[in-house]
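# Examining the three-dimensional arrangement
Each chain is listed here by its residues.
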Amino acid sequence: MLPDQLFFHIHYCNSRLFDEEGQPPRRISRTLSHHELILFTGGSGTVTINQRHYSIKKGMLFYISPGLHHTFEAISGQGGFLSVHFSYAEVEWNQNQWTIHDGTNKLMRKMGRELIDYHEVEAFFRRLTACWSAKKPGYPFAARTLLQELLMAIVENIKKQNRNFASSLKVETIVAYMQENLSRHITLEELSELVELSPTYVTRIFKESTGCSVISYFNKMKMDKAKELLLEGDHTIKQMAHLLGFVDEFYFSRLFKKSEGVSPTEYYSKNVHSSHLALLAGLAFSASGLANIIAAPRLGKLSDRIGPEKVMVIALCMAGLLFIPQGFVTAPWQLIALRFLFGLTAGGLMPSVNIMIRKITPTALTGRVFGFSMSAMYLGVFGGSVFGGQIAAWLSIRAVFFVTAALLLMNGLWVYWRVYRRLATHADRAQHVGEMRMNVDKVALVVIDLQKGIVASKRTPYTSAQVVENSAKLVKTFTENGAFVALVRVSSLDGKDWFVPQTDSSQSVSGFPDGWDHYVPELDVFQSSHRITKRQWGAFYGTDLDLQLRRRGIETIVLCGISTGIGVDTTAREAYTRGYEQIFVEDAMTASTKEEHDHCISYIFPRIGKVRTTEEVLALFSK
């Protein structure tokens, strides 16, 4: 059986009669580097190929492969021969590129054979040699075509001589039936009944005749028809799948990609240069951008009204859900419509994200955080493009939509749990605080240890700069509203007035630099604030703080400062034993470790007071 795809190069063709002048010598011995086909139309003599002898007679066909020594002897009599000398290469089209292999394999198993009813083969041979001799324009191409027709005529002649010729006819009947029923699902039992043979025998003779199984051959026929339909451009992938007998269009797409190396959509885009293809691609890409332009201002306004965290969660979830049907589209207008709807939902993300950043970021860090946000966005564009390309290569383009949908939905869930719920909790607390009225005559702000030597150390989860900034806002607001403010620092006259117990952790009470106990400049400017110097962690023992609060009728203390688990916590416990109501400003205090801060905020302070943010406390003064 000949390979499916061959490319031929003809070296020369020859036609000779033995009784004409200049007939060939009586003995020829040679070895060729190419292939040769010789058909004798008469005469007598002997041909020796690879030490095997053949008698020359009418209708005798010889195939001599490269490198095979052969000899013609005592050639004479009425008749002659026709010959063609050629080389070939096996070519394969796979994944949109050609692969070429040298044609060194034998085209036929037998070197010599007598053809029965050889006249049809002789006719093709004479047409080939005549074409070659005439040398008309374009003769190389025409000769290659005639050589292929000659080879097929030889194959058909050999089939007829084969003792399994009846089986070959059965196979041809099966192939013809397949061709007529490409739109159906054909079973092996159905084919067996058609040719009246057992399924096992049908499988065997089909494999021997075609080189592949029944189902593979049938699917190859369907894929060839699918390519034809794709190039016509009149059917969707779903319609083509049904026309070719596939119930599942995704199975059809997978089978097509396995056969051709690319999906049906990719095959169409690579092989059809439609005048409107670029327009459709542009519309699909720009649809989401147009929708963004329309939706962004409106969703930004909605974020101002109901909160950016709610818009973010809804937008992410809706965007994820809209990506799922994009993986099932079968027509360009469907994708354009879904991309437009996606743009309407995605338009709320950037305004909401910007509002959230501005809301939760300290003023001193706003520019830096916005810069990080932009960098992260473009990093996502880069990484998403690379990752999406890999997904398309490994699976399919449709899989990219499903993976993107999953990522968006997971992002939406993460924003809900980590952002929305937390802000909702703060909103509930703010509403509860809002029911209170800040009586400036009954409330005092106590700021713990915001001095140069303490804020210089590394703190978490808030930096010292963030705590100082929020505390300064509180001092300014309390002062402007006539409320009592106490700035507390820790210091010593000579180190001997500090209590230094025996502990497992070493403590240094000497060697502090000059000015370490000075208030930070952001607070030192408020000269009207009451200044208190303590000699231990708590602000009440050994100071006049309790006296100042009680003489002024203070009932509620607002506490902030450094460190959450030391100075603030100790002062809070002392205030609790003295019967004061307390409000702890969570983002105006910090600690050496996050665990220390979180323990107090989550387990200690909620039992002796209320935990609020700077913005929530400041909002009380507007009531």
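Keep in mind the model is a prediction, meaning the values are calculated, not measured. (Residues numbered from 1 in each chain as written. Predicted model: local features only at pLDDT ≥ 70, side-chain atom pairs only at ≥ 80, totals over all residues. Heavy atoms only, no water.)

What follows is about helix α11 (residues 308-326). Taking 1.5 Å per residue, 19 residues should reach 27 Å; α11 reaches 27 Å between its end C-alpha atoms and fits that length. Buried residues of α11: P308, E309, V311, M312, V313, A315, L316, A319, G320, L322, F323 and Q326, and no others. (Helix = DSSP H or I, 4+ residues; strand = E, 2+ residues; numbered from the N terminus. Expected span 1.5 Å × (residues − 1). Buried < 20%, exposed > 50% of the residue type's maximum accessible area, 1.4 Å probe, protein only.)

This structure, assessed with the given rule, holds 13 aromatic pairs. Relative to F86, the ring of F8 has its centre 5.9 Å away and its plane inclined at 70°; by these criteria the two rings are edge-to-face. Of this pair, F8 sits in strand β1 (residues 6-17) while F86 sits in strand β8 (residues 80-94); the two residues are 78 residues apart in sequence, bridging distant segments of the chain. The exposure class of F86 is buried, given its relative accessible area of 0%. An aromatic cluster is present here, built from F40, Y54, F62, F72 and F81 joined pairwise through their rings. One Lys or Arg, K222, reaches over the ring of F246 and ends 4.8 Å from the middle of that ring. (Phe/Tyr/Trp six-rings, centres within 6.5 Å; stacked < 30°, edge-to-face > 60°. Lys NZ or Arg CZ within 6 Å of the ring centre and 35° of its normal.)

Further remarks concern the packing of helix α6 (residues 214-232) against helix α8 (residues 249-260). Running from N to C, α6 and α8 cross one another at 95°; their axes reach a closest spacing of 10 Å. When the axis of α6 is compared with that of α8, the two are roughly perpendicular. Together, N219, K220, M223, A226, K227 and L230 of α6 and F252, L255, F256, S259 and E260 of α8 make up the contact between the two elements. Counted by class, the contact of α6 with α8 contains six nonpolar, two polar and three charged residues. (Axes fitted to C-alpha atoms, helices over the stretch in contact; angles between N-to-C directions. Parallel < 35°, antiparallel > 145°, perpendicular 65-115°, else oblique. Contact = heavy atoms within 4.5 Å. Nonpolar A, V, L, I, M, F, W, Y, C, P; charged D, E, K, R; others polar.)

Right, let's talk about the pattern of salt bridges for a bit. As enumerated under the stated definition, the model contains 15 salt bridges in all. With its nearest N and O atoms 3.0 Å apart, the salt bridge here joins K220 to D224. You can see K220 and its partner D224 sitting in helix α6, four residues apart, about one turn around the helix. Of the residues examined, K220 reaches a relative accessible area of 41% and is grouped as partly exposed. Taken together, the salt bridges that share partners define one network made up of K220, D224 and K227. (Salt bridge = Lys/Arg side-chain N within 4 Å of Asp/Glu carboxyl O.)

The biggest cluster of nonpolar side chains holds 32 residues, and the ones touching the most others in it are L445, L474 and F478. Secondary-structure elements contributing two or more residues to this core are β11 (443-448), α16 (452-455), α17 (464-480), β12 (484-490), β14 (556-562), β15 (581-590) and α22 (614-620). In terms of residue count, the dominant contributor to this core is α17 (six residues). Not counting chain neighbours up to four residues away, the residues in contact with L445 comprise L474, V475, F478, F484, V485, A486, V558 and C560. (Core = buried A, V, L, I, M, F, W, Y, C linked by side-chain atoms within 4.5 Å.)

The subject of this paragraph is the pairing of strand β3 (residues 35-40). A regular strand carries its side chains on alternate faces of the sheet. Of all six residues in β3, six are buried, a share of seventy percent or more. In β3, alternate side chains face the same way, and those of H35, L37 and L39 on one face and E36, I38 and F40 on the other are all buried. Bridge count between β3 and strand β6 (residues 60-64): five bridges; the pairing is antiparallel. By the bridge assignment for β6, I38 is matched with F62. (Pairing = 2+ DSSP bridges.)

Right, let's talk about the sheet that holds β12 for a bit. Whether parallel or antiparallel, the strands of a sheet pair through hydrogen bonds between backbone atoms. Taken in spatial order, the six strands of this open sheet run β13-β12-β11-β14-β15-β16, and their pairing is parallel. Looking at which strands have only one partner, the edges of the open sheet turn out to be β13 (530-534) and β16 (610-612). Sheet twist, expressed as the mean angle between neighbouring strand axes with direction ignored, is 25°. Here β11 pairs with β12 via five bridges, running parallel. Its bridge partner being in β12, L445 is matched across the sheet by V485. Each of β11, β14 and β15 is contacted by helix α20 (residues 564-577), which is oriented at about 165° to β14, the strand it contacts most. Along the sheet face, helix α21 (residues 594-608) touches β15 and β16 and points at about 170° away from the line of β15.

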